[in-house]
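Inside the fold
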Amino acid sequence: MDYPLLNVFWTTMWIFLWVLWLMLLFRVIGDIFRDDSLSGWAKAGWCVFVIVLPFLGVFVYLMARGRGMGGREMKRAEQAEEEFREFVRGTAGTSHAEELSRLVELKNHGDITAEEYERAKAKVLAA
């Protein structure tokens, strides 16, 4: 095949730019739909603008609302992590051994009496 090296470079560059453009376009559309501060009409307007005039629409969106995109993404990531941590806390719980060791510490420190310790131990072991 007769395909000069410079043409390979240009083809690779254009493919890279096309993929980069698609990633940016989908990132903007995703940000439009995930932003809770936009009303439904504003979302529809931005979507029409980005779909009908994609280059101009994306660039205008980035100039008008691009500064907040990172903040909104960070807020979503923090919220997802907090939900995950809450899920782990809720499902993992404490084991019987951890609960018994906590009760022994409470009894040794004098926070609970021997009778309270025995009742709590029976309740932990019964569960």
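Described below are features of the structure shown in this document. Not measured: the values here are computed from a predicted model.

1. A short note on the packing of aromatic side chains
Taken as a whole and assessed by the stated rule, the structure comprises five aromatic pairs. Between Trp-21 and Phe-59 the ring centres are 6.1 Å apart and the planes differ by 50°, which places this aromatic pair in the tilted class. Separated by 38 residues along the polypeptide, Trp-21 in helix α1 (residues 5-34) and Phe-59 in helix α3 (residues 54-92) bring together distant segments of the chain. For Phe-59, a relative accessible area of 44% gives the class partly exposed. Through successive ring pairs, a cluster of aromatic residues spans Trp-21, Phe-55 and Phe-59. Over the ring of Tyr-117 we find Lys-107, and its NZ or CZ is 4.5 Å from the ring centre.

2. Some words on the pattern of salt bridges
Counted by the stated rule, this structure contains nine salt bridges. Residue Arg-76 is joined to Asp-31 by a salt bridge in which the shortest nitrogen-to-oxygen separation is 3.9 Å. Placement of Arg-76 in helix α3 and of Asp-31 in helix α1 is noted, with a sequence separation of 45 residues between them. Classification of Asp-31 by relative accessible area gives buried; the value is 3%. Two residues, Glu-73 and Arg-34, come together in a salt bridge whose shortest N-O distance is 3.7 Å.

Definitions and cut-offs
Residues numbered from 1 in each chain as written. Predicted model: local features only at pLDDT ≥ 70, side-chain atom pairs only at ≥ 80, totals over all residues. Heavy atoms only, no water. Phe/Tyr/Trp six-rings, centres within 6.5 Å; stacked < 30°, edge-to-face > 60°. Helix = DSSP H or I, 4+ residues; strand = E, 2+ residues; numbered from the N terminus. Buried < 20%, exposed > 50% of the residue type's maximum accessible area, 1.4 Å probe, protein only. Lys NZ or Arg CZ within 6 Å of the ring centre and 35° of its normal. Salt bridge = Lys/Arg side-chain N within 4 Å of Asp/Glu carboxyl O.

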